[in-house]
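Read off the chains here:
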Amino acid sequence: MRVSEGRVTVTVPEQPDAGKGADVFFNPVQELNRDITVAALRAYRERTPRVSTYLDATAASGIRGVRAAANDWETTLCDIDDDATALCEQNLERNDLAASVRRSDANVLMHSEAFDVVDVDPFGTPIPFADAAVQGTKHLLCVTATDTAPLCGAHFESGVRSYGAVPRNTEFHAEMGMRVLLSAMVRTAARYDIAARPILSHATKHYARTYLEFDHGAKVANDCIDELGYVHHCQHCLWRDHDYGLIADPPEACPVCDEHLQTAGPIWLGRTCDPAFADAVSEQVTEEMGTADEARELLATLSEEIDTPTHYDQHRLCKRWGRGAEAMDEFIEKLRDAGYEASRTHYGGTTFKTDADVVEIREATAE
Ligand code: SAM
């Protein structure tokens, strides 16, 4: 099957059962992820002009690395599978592009060589690659995780095992998953005296994706650790709060309804995006990208998302309060009119962020 994305056309095997059982994996649904990757690579090169090398560590058909090579990155494509690396070679040749192809365990490669930008886009969790990826990255580490059930607490024990954090299955589950992933990556980098700061992150129901910029030194790594902490959440009235530090300090009960609180963490409580970088990435989205409109819309929402560690869902709140939902723009305007910060979020069409708590939201948005 022939697939055109961006400036390249590649061959991929038919995918019989959503990629399972195919000789080499390919997921057309990840086109948005790949389009944003290419735009982020272009924007990152403008932000850090000396970068030139890119490793597609888990390349499969090579579509991601081939697209990077077509954008003048000095690219290495790695896969542990013979069929995959053979297909990477063919796909480079088909597009008249040169890149290095390695049939190797990515962990071995990343432990022995470092690249300006490393991209880890594996099946499920990226954690088995995390230590080597930190070693093998000079500037920017791009990571996808598709194991959303462990990340967001729906598969609790698996999440605890993989990520070394307590995830909770809250109504802000996609953001919980993103922040659990970021916590694990930040803690992994900190072990090597590296600060890993997310400059772009987005989540859908299928995956979480983040771009972590590295800064070296114990002091900056400590500063990153200081942005880890806990979220305390009431399943009954949907109140939540957070505190920084590696020792959880939850209130005894929900201050609004006196019900039991659930605590998740340590999760990343800091910014998940640099709004200026999201804007720069958006400027690099070009018309040859199949998801250009969707990518621009997503990046605009990311750029405007206010910096709080959890989001709300208007429909969930209104259901809890026994009242009808209203248009998001009007709802957000009411919060702003009452003096609160408020924005939509990319986690869903009825989600929003605000610095108001759940009681203040209810009062501010009452008829
Ligand atoms: N990045 C690809 C894309 O955008 O289409 C998809 C990658 S696919 C989800 C994961 C790939 O990782 C598979 O081709 C698999 O063979 C490869 N893989 C699994 N374990 C690996 C390892 N230890 N080292 C390198 N590649 C590995």
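Looking at an unreviewed UniProt entry, one finds the protein named tRNA (guanine(26)-N(2))-dimethyltransferase, with Haloarcula amylolytica JCM 13557 as its source organism. Within the UniProt record for the protein, the comment given under Sequence similarities (unreviewed entry) is "Belongs to the class I-like SAM-binding methyltransferase superfamily. Trm1 family."

**As for the environment of Asp131**
Locating Asp131 in the fold gives a position in helix H5 (residues 127-136). Residue classification places Asp131 among the partly exposed positions, given a relative accessible area of 27%. Put simply, Asp131 and Asn107 are 24 residues apart on the chain and 8.3 Å apart in space, counted from C-alpha to C-alpha. Discounting chain neighbours no more than four positions away, the residues touching Asp131 are Thr188, Arg191 and Tyr192. Among the polar contacts listed, one links the side chain of Asp131 to the side chain of Arg191, at a separation of 3.0 Å.

**Observations concerning the domain arrangement of the protein**
Annotation of the protein at the domain level lists domain 1 (2-304) and domain 2 (312-364). The C-alpha centroid of domain 2 is placed 29 Å from the C-alpha centroid of domain 1. Each side of the interface is counted separately: domain 1 has 19 residues, and domain 2 has 12 residues. Both sides together, the interface formed by domain 1 and domain 2 hides about 1300 Å², and carbon and sulfur atoms give 60% of it. Counting across the interface, domain 1 meets domain 2 through one salt bridge. A salt bridge links Lys353 to Glu175; its shortest N-O distance comes to 2.5 Å. Among the residues forming the side of domain 1 that touches domain 2, the class breakdown is nine nonpolar, five polar and five charged.

**Details of the packing of helix H10 (residues 275-283) against helix H11 (residues 292-304)**
Remark: H10 packs on H11, axes separated minimally by 8 Å, with the N-to-C direction vectors making an angle of 165°. In terms of their interaxial angle, H10 and H11 are classed as roughly antiparallel. As for how H10 packs across H11, the hand of that crossing is left-handed. Each of Pro275, Ala278, Asp279, Val281 and Ser282 in H10 lies in contact with H11, whose residues at this interface are Arg296, Leu299 and Ser303.

**A short note on the site of the ligand**
The full set close to the ligand counts 18 residues, and Thr58, Arg64, Asp79, Ala106 and Asp121 are the nearest of them. Here an oxygen atom of the ligand and a side-chain polar atom of Arg64 are 3.1 Å apart. Measuring from a nitrogen atom of the ligand, one finds a side-chain N or O atom of Asp121 at 2.6 Å. Against a free-state accessible area of 610 Å², the protein chains account for coverage of 88% of the ligand. Judged by its atoms lying within 2 Å of the grid points, the ligand is housed in the largest pocket. Class assignment of the residues belonging to the shell around the ligand gives a composition of 10 nonpolar, two polar and six charged.

**Some points on the nonpolar core**
In this structure, Leu55, Met110, Val120, Leu141 and Leu181 are the most contacted members of the largest nonpolar core, which totals 45 residues. Per element, the largest residue contribution to this core is nine residues, and it comes from helix H8 (residues 173-190). Formed by 30 residues, the second largest nonpolar core is a distinct cluster that contains Ile36, Val38, Tyr207 and Phe277.

**Some remarks on a negative patch on the surface**
A contiguous patch of negative charge on the surface is contributed by Glu46, Asp279, Glu283 and Glu304. The topology assignment puts Glu46 in helix H1 (residues 31-47).

**Examining the sheet that holds strand E14 (residues 342-344)**
Backbone-to-backbone hydrogen bonds pair the strands of a sheet. The strands run either parallel or antiparallel. Taken in spatial order, the three strands of this open sheet run E13-E15-E14, and their pairing is antiparallel. Because the sheet does not close on itself, it has two edges, and the strands there are strand E13 (312-313) and E14. Where E14 meets strand E15 (residues 351-354), three bridges bridge the pair, whose relative direction is antiparallel. Paired with Ser343 across the two strands is Lys353, which belongs to E15. Those strands touched by helix H13 (residues 328-337) are E14 and E15, and its axis lies near 165° from that of E14.

Cut-offs applied
Per-chain numbering applies: the sequence of each chain, read as written, is numbered from 1 onward. In view of the model being predicted, local features appear only for residues whose pLDDT reaches at least 70, and side-chain atom pairs are presented and counted only at 80 or more, with totals across whole chains, interfaces and linings using the full set of residues. Note that water and hydrogens are dropped before the side-chain values are worked out from all heavy atoms of the structure. UniProt positions are given in the numbering used here, feature names are shortened, and annotations may be inferred rather than shown by experiment. Secondary structure elements follow DSSP: runs of H or I no shorter than four residues count as helices, runs of E no shorter than two count as strands, and numbering proceeds from the N terminus. In this scheme, a residue with accessible area under 20% of its type's maximum is buried, one over 50% is exposed, and one in between is partly exposed, where area comes from a 1.4 Å probe on protein chains only. Any two residues whose heavy atoms approach within 4.5 Å at even a single point are treated as in contact. As used in this structure description, the phrase polar contact means that two N or O atoms lie within 3.5 Å; if the pair is within protein, one of them must be able to donate a hydrogen and the other to accept it, and residues adjacent in sequence are counted only when both atoms belong to side chains. All domain edges in this entry derive from an automatic or database-based domain assignment. By convention, the term buried area covers the 1.4 Å-probe accessible surface removed from two parts as they join, with the contributions of both added. A carboxyl oxygen of Asp or Glu within 4 Å of a side-chain nitrogen of Lys or Arg is what we treat as a salt bridge. Only Asp, Glu, Lys and Arg are considered charged, only Ala, Val, Leu, Ile, Met, Phe, Trp, Tyr, Cys and Pro nonpolar, and every remaining residue, Gly among them, polar. Note on geometry: axes are lines fitted to C-alpha atoms, helical ones only across the stretch in contact, with angles between N-to-C directions running from 0 to 180 degrees. We call two directions roughly parallel when the angle between them is under 35 degrees, roughly antiparallel when it is over 145, roughly perpendicular when it lies between 65 and 115, and oblique otherwise. A clockwise turn of the near helix away from the far one marks a right-handed crossing, whereas an anticlockwise turn of less than a right angle marks a left-handed crossing. Residues are labelled near a given molecule or strand when at least one of their non-hydrogen atoms is within 4 Å of it. All accessible areas in this document rest on Shrake-Rupley with a 1.4 Å probe, and a residue is counted as covered only by the protein chains that are shown. Cavities and pockets were defined on a 1 Å grid built over protein atoms only: a cavity is a set of grid points that admits a 1.4 Å probe from which the probe cannot escape, a pocket is an open set flanked by protein on both sides within 12 Å along at least five of seven lines, and lining residues are those with an atom within 4 Å of any such point. In this description, a molecule resides in a pocket or cavity if more than half of its atoms sit within 2 Å of the grid points defining it. Grouping buried Ala, Val, Leu, Ile, Met, Phe, Trp, Tyr and Cys residues that are joined through side-chain atoms within 4.5 Å yields what is termed a nonpolar core. Two distance rules govern patches: like charges are joined within 9 Å, and nonpolar side chains (Val, Leu, Ile, Met, Phe, Trp, Tyr) within 5 Å, applied only to residues with over 30% relative accessible area and no salt bridge. When charges are tallied, Lys and Arg are placed among the positive residues and Asp and Glu among the negative ones, while His and the ends of the chain are skipped. Throughout, a charge is located at the NZ atom of Lys, the CZ atom of Arg, the CG atom of Asp or the CD atom of Glu. Note on pairing: DSSP must find at least two bridges between two strands before they are called paired.

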